[in-house]
Amino acid sequence: MSPADDLSRPSPADALKAALGPEVVSTDPALLELYGQDIWKVGRRPIAILRPADTAGLSRALAETARLKLPVAPRGGGMSYTGGYASNAGPVALIDLGRMDRVLHVDAEAMTVTVEAGCTWKTLLETLKPKGLRTPFWGPLSGVSSTIGGGLSQLNAVFGAGHWGTTSESVVGLTVVLADGRLVTTGARRKADGRAFYRHYGPDLTGLFCGDCGALGVKAEITLRLMRAPAHEAHGSFAFDTADQALAATAEISRAGVAADMFGFDPALSAMRLKRASLVQGVKALGAMATSGGLKGVAAAARTAMAGRGFLGADDWSIHLTAEARSAAGADADLAEARRICLGLGGREVEASIPRVVRTSPFTPLNNVLGPDGERWVPVHGLVALQDGPAAYRAIMARFEALKPRFEAGGVQTGMMLTALSTNALLIEPVFVWPEERRLLHEATVEPHVLSKLPRHGEDPKVTALVAEARAACIDAFTEIGAAHFQIGRTYPWFDSLDEGARRLIHAIKAEVDPTNRMNPGVLGL
């Protein structure tokens, strides 16, 4: 081929647009820049954004990228902080399922709901609530923009996780589009309508695509289990003097299975979060609380408003939980058991402002992707066995202590969040906040009226490199404990944790579903 012939060929982006249409393929420079970065990483700018409208369109789009031999990567709500879709590899076309955002079918007889992968947790909750239904796990704190497909690829914690575990544990079946456009369906399906109704019929093929970070295929349609929404809630908040007390209480509440969802903060993270008045004094949340619960709701809203931000001491660790049940007596009994555990471990009960407001308005705008004074923010996390929480915490704090002089010189603040997964795992999430220029993703995520009040900071690559070093130190500490991780992306050492047999197996699976390694290459260490 002569150079002239090569120049006459359309670019991959132009070829995609010609084949799929401009309504599906975007090459807008601002959008490409935005989609090339996540909360932590700026990757290589993608050459195009593919936005199919349905499963058939997604299949056509992937078949076309296969013809062009073009790598692709799926992007969910964009809140990854592990390079899940942002990489330095390229060229790559990103797949945005934002147009595939429908709740396709609610089956109250089979107790399943089928959604397109671009549907957000907020949309699903609002669709099911009038029907008195809910999925067992029903979303992360970022559910206003986090998509169900993204959550299933990355896995999530928080709402409902105390009873029901993470995202994938509520899934019945999937429709997945492979790298070449082929469709794979999983789960036992009714002959009458082809819909999945039960997950386990032979080997668990559904589980194969859960937590894969988009390395094995693009989830198009997802069927989840339904349950009747618990009619009653009870909320509790408890303060502790030490990390050991808070970790012990979190673990024991998890073992007891009495919290539907639970999260804890160290003193530093409490101070950061409570600095935003919206967390405990949101007018909309208080109004909803008052109107949704009769006289009891009015009383709860009044207590929350009166507590303001002064219910925790400056040095307090805290745990905030919600118990839920079919009866008020059941919810109160679970809360009573959580109270017994916390008080027995040296805690004291404080006003339950945070869990009330969070449950009343679970999916709020993601203004916390920046610090309270406009700083950059990024977490890292590990999932450990319940008894390993104290050892993991001490290992992290030892590394922080070694970095303390450099943290202070660079203005780096750290915090810690805790939560639990069902009755057998503790999530520890160190958080870093530091003065650094915000990025386009922050500008697109934070509400304009909030963003306008936040100061800007100058670029400081040395301090950002220090945060990268500290994150790596945390991952080393977690690895020593034997931790697991969500949203593995290009950050956590999942592949290295496998034995030889498991490595050979995952390579064989990858070779079958993606033989040319075009699907999110490099993610998961593949």
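Residues numbered from 1 in each chain as written. Predicted model: local features only at pLDDT ≥ 70, side-chain atom pairs only at ≥ 80, totals over all residues. Heavy atoms only, no water.

Another aspect to go through is the overall build of the protein. In terms of regular secondary structure, the protein is built from 20 helices and 21 strands. Its C-alpha atoms give the protein a radius of gyration of 23 Å, near enough to 24 Å, the size a compact globule of 526 residues would have. Across the 526 residues of the protein, 54% fall into the buried class. The contacts in the protein between residues at least 6 apart in sequence include a share of 75% that link residues at least 24 apart. Within the protein, one finds 55 positive and 55 negative side-chain charges whose respective centroids are separated by 3 Å. (Helix = DSSP H or I, 4+ residues; strand = E, 2+ residues; numbered from the N terminus. Rg over C-alpha atoms; globule rule 2.2 N^0.38 Å. Buried < 20%, exposed > 50% of the residue type's maximum accessible area, 1.4 Å probe, protein only. Contact = heavy atoms within 4.5 Å. Lys, Arg positive; Asp, Glu negative; His and termini not counted. Charge placed at Lys NZ, Arg CZ, Asp CG, Glu CD.)

This next bit is on the packing of aromatic side chains. Considering all chains together, one arrives at ten aromatic pairs under this definition. An angle of 65° between the planes, with centres 6.0 Å apart, marks the rings of tryptophan 40 and tryptophan 434 as edge-to-face. Of this pair, tryptophan 40 sits in the loop between helix 3 (29-35) and strand 2 (48-50) while tryptophan 434 sits in strand 21 (residues 425-434); the two residues are 394 residues apart in sequence, bridging distant segments of the chain. A single burial state applies to tryptophan 40 and to tryptophan 434, both of which are buried. Here the aromatic rings of phenylalanine 400 and phenylalanine 407 are separated by 5.8 Å at their centres, their planes lie at 70°, and the arrangement is edge-to-face. (Phe/Tyr/Trp six-rings, centres within 6.5 Å; stacked < 30°, edge-to-face > 60°.)

Before going further, it helps to examine the packing of helix 9 (residues 243-256) against helix 14 (residues 328-344). With their axes 9 Å apart at the nearest point, helix 9 and helix 14 run at an angle of 150° to one another. The angle between the axes of helix 9 and helix 14 places the two elements in the roughly antiparallel class. Between helix 9 and helix 14 lies a crossing of right-handed hand. Counted together, Ala249, Glu252, Ile253 and Ala256 of helix 9 and Glu337, Ala338, Ile341 and Cys342 of helix 14 form the full contact between these two elements. Here the residues of the contact of helix 9 with helix 14 are counted per class, giving six nonpolar, no polar and two charged. (Axes fitted to C-alpha atoms, helices over the stretch in contact; angles between N-to-C directions. Parallel < 35°, antiparallel > 145°, perpendicular 65-115°, else oblique. Left-handed = near helix turned anticlockwise from the far one by under 90°. Nonpolar A, V, L, I, M, F, W, Y, C, P; charged D, E, K, R; others polar.)

This part is about the state of the cysteines. Cysteine pairs can be covalently joined through their sulfur atoms, and such a bond is termed a disulfide. Evaluation of the coordinates by the stated rule reveals zero disulfides. Free cysteine cysteine 119: the closest other cysteine sulfur is in cysteine 210, separated by 17 Å. Residue cysteine 210 stays outside any disulfide, its sulfur separated by 12 Å from that of cysteine 213, the closest cysteine. (Disulfide = S-S within 2.5 Å.)

A positive phi is found at lysine 69, a non-glycine position, where the angle reads about 55°. Mapped onto the fold, lysine 69 is located in the loop between helix 4 (55-67) and strand 3 (72-75). Phi at asparagine 520 takes a positive value of approximately 45°, unusual for a residue other than glycine. With respect to the secondary-structure elements, asparagine 520 resides in the segment after helix 20 (500-513). The class of asparagine 520 is buried, set by a relative accessible area of 1%.

With that settled, the discussion passes to the side chain of threonine 112. Relative to the helices and strands, threonine 112 resides in strand 6 (residues 112-116). Those residues in contact with threonine 112, other than ones at most four positions away along the chain, are His105, Val106, Asp107, Ala196, Phe197, Thr223, Leu224 and Leu226.

Our next topic: the pairing of strand 8 (residues 171-177). Of all seven residues making up strand 8, seven are buried, and the element is well covered by its neighbours. Note: strand 8 against strand 12 (residues 218-225), six bridges, orientation antiparallel. By the bridge assignment for strand 12, valine 176 is matched with lysine 219. Of the pairings in the sheet, the one linking strand 8 to strand 9 (residues 183-185) comprises three bridges and is antiparallel in character. Of the residues in strand 9, the one forming a bridge with valine 176 is valine 184. In sequence, strand 8 turns back onto strand 9 through a hairpin of five residues, with glycine 181 there showing a positive phi of about 100°. (Pairing = 2+ DSSP bridges.)

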